[in-house]
Structure formats: structure tokens, C-alpha cells
Amino acid sequence: MAYNDSDPQVPEADPAGQLPAPAGQPPAPLPGSAHNGLKIVIVGGFGVGKTTMVGSVSEISPLSTEEVMTQASVGVDDDSHVRGKSTTTVAFDFGRISLDSSNVLYLFGAPGQERFWFLWDQLFAGSLGAVVLIDTRRMKDSWYAIDRLEHHRMPFVVAVNRFDDGPQPSLSKVRKALAISDQIPVVECDARVRESSKQVLITLVSYLTRLASGRTG
Amino acid sequence: MRAIDRESPDRLYTVTHGRVPGDDNPFDLVSLIVAERDPAEGMQSEHVKILTMCRTPMALAEVSAGLRLPISVVKVLLQDLLDTGGITVRHPLPGAGRSDDPDGLHLPDRDVLKQVLLGLQRL
Ligand SMILES: Nc1nc2c(ncn2[C@@H]2O[C@H](COP(=O)(O)OP(=O)(O)OP(=O)(O)O)[C@@H](O)[C@H]2O)c(=O)[nH]1
Ligand SMILES: [Mg+2]
């Protein structure tokens, strides 16, 4: 059975007090009992809403970090000019959701462009799954990411972020344009709205649960 | 908004003395790091900061953001501390995202998924 494309997602305003701590404040520490870190990756093109989605569900303001591409053969080179030239940097941000006293979920926003591939292995290794964020004005931006996810057999759901000035294709049109299988959930979202972003994550984890139970329909 | 300073590769080179993480380095982005001792006199300042930050468990990614140093640099610093007993590491549970399905699908453990779902629904 195909996933129901017309599942309505009713965005609700963010109730006061549920927003992450303002930037600049040190994030609240994890309890000493925390022992299992989990990952979900939110991948998409420039400006699609990755940071917004991370921030809307995270208990901390999104943190930013970066990775440099390192090559074993490069470090031993004593010519620092050469070394400097071969360094590639990619910035990415992430947020955190404490699920219970022992499990803590990290959400990583990852740029989807091909040149950032070197970050991907590290992000996807051990991830629960991925959310592909789509901007209907630039659907082609997501093709590379979807190719890679399928190639790595990393389960994912598609979340369509609607921008007012963009085309508004139906979810089944989006599915067709992306050429993905009927089983993969495609949902609407407004990354600015906590409840909407939360529903996207729940859609992903429910989908993973169906896959793990062998009921992929 | 850029939280990371654009720093020259040379400074990073100094922090790690030119070392890069080995292929066998045990750290995941979400490995939780726990300090096992207080900082001591004469320690490298980055090691001091890590031991202070990780008095409660902290994921590698958070340590990296807090130190404003790239992930791979932090891995080298953490390996130093692990080798000398300064930290312990709580690795992510096996099962998540591993390719143990016959068709190669990366499927997490079902109990883990249940806990994640419950946690998200409580949000
Ligand atoms: N209408 C609408 N605007 C959104 C939505 N999500 C994000 N935006 C806006 O889109 C802009 C870009 O959002 P970001 O979260 O910075 O996007 P990003 O993917 O992190 O961008 P980069 O990191 O620069 O690639 C911001 O001005 C957001 O307020 C959405 O669901 N609907
Ligand atoms: Mg961003």
C-alpha cells in the first residue's frame, strides 16, 4: 500500500516557553545517565530550511561546527603551502533532543551538494535515517542527495517546505518529480513550526519501524 | 550567522601537532564523552577545556562546537585523553544504521526505534 500523500499536517503556533534557549546561553548539560547518542540527518540544498527545522525542535539553540577534509598523506608533508591548499571545510549545524534519561537524539543539518560528500559518510554512519527537505522552487537541488541516500540504502522521508512565492505542486507531483518509490513517505512541513517539524521526525521513525517490522507497505 | 572563526590551517596544525585521526579512531559524532579526572597543571589548554566541558556527558559534536575546532581536530585531542585515561567514551548502541539486513538496508534496532518514537511524541 502506498503511503498516504494527503495526510494533513496542521501547523500550530509555537507555544511560548517551548523555544530553545536564546543564542549565547550555554546549553543545559545532559544528565549523567545519558549513554546512547542517536542521529538523524536533515539534508537539503541551500536555504531550504535545514537550520530552521533543527532549531524548531531542538532543546538547545542550533550549534554550528565544521569538518575539514583530511588526507593521511597530507599531514606528513612539510610544505605547509601545499597542506593549506588541500584543506576543504564544510560547516554544518545541529540540535539536540533528550528523549529520556539515557537516549539523546542529535539532529544534523547537512548541505546536500556534491562537493560536501566527504562529510556524509561520517554523518550517515550509524544514523537512524534522513529527512530530505525540498524547496519546490529548486527540486533539482535534492536529486543528488536522494541518489546518494538510495545508493547507501539509508532510509529517508521527504518533507516539502512550502515557500509562499514558489510553485505549489501536489505531493504526488513532488513524488513523481523525485522518482521515488511509493513506500517512501512524502509530507508537507513548515520548518518554522515546532509541531510540524516534530511530525516530520515522527513520520520518519514510524516509517523506520514499519521497515524494521518487514511491513514496507 | 557564523559561529566558527575562519582560522588558518596552521593554527589547527599546532593544536594537533600535525596529527590526523587514525582510521581506527573510535569516535562517532554522537559518542558521549565523560571526563574521568580534573584538569592538571601543564596540560594543553584544549585538553583542559575538554575535561571541564565533559564533567557531564557531552557529544563529540558539542565538544567541537564548544571549542570551535573542526571535528577531526577534536578526535585527535580526544584520542590523547582516552589513551591517558582522562576520559571514557559512551559509544552509540550498535544496531542503529547497521547493514545487517540481507538486502543491505540500514535498519536500526526496533527497541531503540520504540524509545525514539515515545521520546518524540512527548515533545
Ligand atoms: N515559508 C517558509 N519559510 C521557511 C521555512 N523554513 C525556513 N524558512 C525560511 O527560509 C530561510 C532559510 O532557512 P534556513 O533554515 O536558514 O535554511 P538552511 O537550509 O539552513 O540554509 P543554508 O544553511 O544556508 O543552506 C529563512 O529565512 C527561514 O525563515 C518554511 O517552512 N516555510
Ligand atoms: Mg543552515
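Refer to the structure printed above.
Cut-offs used in this document
Going along each chain's sequence as written, the residues are numbered from 1 onward. Chain letters start at A and ligand numbers start at 1, both assigned in the order the entries are written. Where totals are concerned, whole chains, interfaces and linings use all residues; where local detail is concerned, this predicted model gives features only for residues with pLDDT of at least 70, and gives and counts side-chain atom pairs only at 80 or more. For side-chain calculations, the full set of non-hydrogen atoms in the structure is used, while hydrogens and water are omitted. To get an axis, fit a line to the C-alpha atoms, keeping to the stretch in contact for a helix; angles then go from 0 to 180 degrees between the N-to-C directions. In DSSP terms, a helix is any run of H or I states spanning at least four residues, a strand is any run of E spanning at least two, and both are numbered starting from the N terminus. Every angle not falling under 35 degrees, over 145, or within 65 to 115 is termed oblique; those three ranges are roughly parallel, roughly antiparallel and roughly perpendicular. Helix crossings get a hand from a simple test, with the near helix turned counterclockwise from the far one by less than a right angle marking a left-handed crossing and a clockwise turn marking a right-handed one. By the convention used here, residues are in contact when the closest approach between their heavy atoms is within 4.5 Å. Residue polarity follows a fixed list, in which Ala, Val, Leu, Ile, Met, Phe, Trp, Tyr, Cys and Pro are nonpolar, Asp, Glu, Lys and Arg are charged, and the others, Gly among them, are polar. Two strands qualify as a pair provided that DSSP identifies no fewer than 2 bridges between them. Ring pairs are drawn from Phe, Tyr and Trp, using the six-membered ring of Trp, whenever the two centres fall within 6.5 Å, and their geometry is named by plane angle: stacked under 30 degrees, edge-to-face over 60, tilted for the rest. Any residue under 20% of the maximum accessible area for its type is buried, any over 50% is exposed, and the rest in between are partly exposed; the area is computed with a 1.4 Å probe on protein chains only. Any Lys NZ or Arg CZ that is within 6 Å of a ring centre and within 35 degrees of that ring's normal is treated as a charge sitting over the ring. Being near a molecule or strand, for a residue, means having at least one of its heavy atoms within 4 Å of it. Under the rule applied, a polar contact is a pair of N or O atoms within 3.5 Å (in protein, one hydrogen donor and one hydrogen acceptor; residues adjacent in sequence only if both atoms are side-chain atoms). What gets called buried area is simply the loss in accessible area from a 1.4 Å probe that two parts show on being joined, summed for both. The working definition used for a salt bridge is a side-chain nitrogen of Lys or Arg within 4 Å of a carboxyl oxygen of Asp or Glu.

Draft legend 1. The packing of helix H2 (residues 45-53) of chain B against helix H3 (residues 60-67) of chain B, seen in detail. Residue and element names in this part refer to chain B. For the pair H2 and H3, the least separation of the axes is 11 Å and the interaxial angle reads 125 degrees. Relative to H3, H2 is oriented oblique. The hand of the H2/H3 crossing is right-handed. Where H2 approaches H3, its residues Glu46, Lys49, Ile50 and Met53 are matched on the opposing element by Glu62, Val63, Gly66 and Leu67. For the contact of H2 with H3, the residue count by class is 4 nonpolar, 1 polar and 3 charged.

Draft legend 2. Representation of the sheet that holds strand E2 (residues 63-68) of chain A in the model. On the basis of which strands lie adjacent, the open sheet formed by 7 strands has the order E2-E3-E4-E1-E5-E6-E7 (chain A) and mixed pairing. Among the strands making up the open sheet, the edge pair consists of E2 and strand E7 (186-189) of chain A. Pairs of neighbouring strands in the sheet enclose a mean axial angle of 30 degrees, with direction left out of account. Pairing geometry for E2(A) and strand E3 (residues 89-98) of chain A, over 6 bridges, is antiparallel. Across the sheet, Leu63(A) pairs through a bridge with Phe94(A), a residue of E3(A). The sheet strands contacting helix H4 (residues 71-83) of chain B are E2 and E3 of chain A, and the helix crosses E2(A) at an angle near 85 degrees.

Draft legend 3. Quick look at the packing of aromatic side chains. All names here are of chain A. Applying the stated criterion across every chain yields a total of 5 aromatic pairs over all chains. Taken together, a centroid distance of 5.5 Å and an interplanar angle of 35 degrees make the contact between Phe94 and Phe108 tilted. Remark: Phe108 occurs in strand E4 (residues 103-111) and Phe94 occurs in strand E3; sequence separation between them is 14 residues. The same class applies to Phe94 as to Phe108, namely buried. Among the aromatic residues, those joined into a cluster by ring pairs are Phe92, Phe94, Tyr106 and Phe108. Just above the ring of Phe163 sits the side chain of Arg137; from NZ or CZ to the centre is 4.2 Å.

Draft legend 4. Highlighting the pairing of strand E1 (residues 36-44) of chain A. Residues and elements named next belong to chain A. Across the 9 residues of E1, 9 count as buried, placing the element largely inside the fold. Burial of the side chains of E1 extends over both faces: Asn36, Leu38, Ile40, Ile42 and Gly44 are buried on one face and Gly37, Lys39, Val41 and Val43 on the other. Here E1 pairs with E4 via 9 bridges, running parallel. Its bridge partner lying in E4, Ile42 is registered against Gly109. Where E1 and strand E5 (residues 129-135) come together, 4 bridges link them in parallel fashion. In the strand pairing of E5, Ile42 is matched with Val131.

Draft legend 5. How the structure looks around the site of ligand 1. Residues and elements named next belong to chain A. As a matter of local geometry, ligand 1 sits amid 14 residues, with Lys50, Thr51, Thr52, Asn161 and Ala191 nearest to it. Gly49 places a polar main-chain atom, nitrogen or oxygen, 3.0 Å from an oxygen atom of ligand 1. Per-element tally for the shell around ligand 1: the top contributor is helix H1 (residues 50-57), with 3 residues. For the shell around ligand 1, a count of residues per class yields 4 nonpolar, 6 polar and 4 charged.

Draft legend 6. Representation of the sheet that holds strand E2 (residues 58-59) of chain B. Residue and element names in this part refer to chain B. Taken together, the 3 strands give an open sheet; going across it, the order is E2-E1-E3, and neighbouring strands pair in antiparallel fashion. If you trace the sheet from one side to the other, it starts and ends with E2 and strand E3 (87-90), each paired once. By the bridge criterion, 4 bridges tie strand E1 (residues 32-35) to E3 in an arrangement that is antiparallel. Bridge pairing in E3 places Ala35 opposite Ile87.

Draft legend 7. Summary view of the interface of chain B and chain A. In this assembly, 48 residues from chain B lie in contact with 60 residues from chain A. For the chain B face of the interface with chain A, the top three residues by lost area are Glu62(B), Leu120(B) and Leu123(B), together amounting to 14%. Seen at the junction of chain B and chain A, the total is 2 salt bridges. Taking the shortest distance from any N to any O, the salt bridge between Arg96(A) and Glu62(B) comes out at 2.7 Å. Run the count over chain B and chain A and you get 13 residue pairs in polar contact (both at pLDDT 80 or more).

Draft legend 8. Structural detail: the pattern of salt bridges. Residue and element names in this part refer to chain A. What the rule picks out here adds up to 11 salt bridges over all chains. Its salt-bridge partner being Glu59, residue Arg96 comes within 2.8 Å of it at the nearest N-O pair. With a gap of 37 residues between them, Arg96 in strand E3 and Glu59 in the loop between H1 and E2 connect regions that are remote in the sequence. Put simply, Asp135, Arg137, Arg138 and Asp165 are held in one network by salt bridges that share partners.

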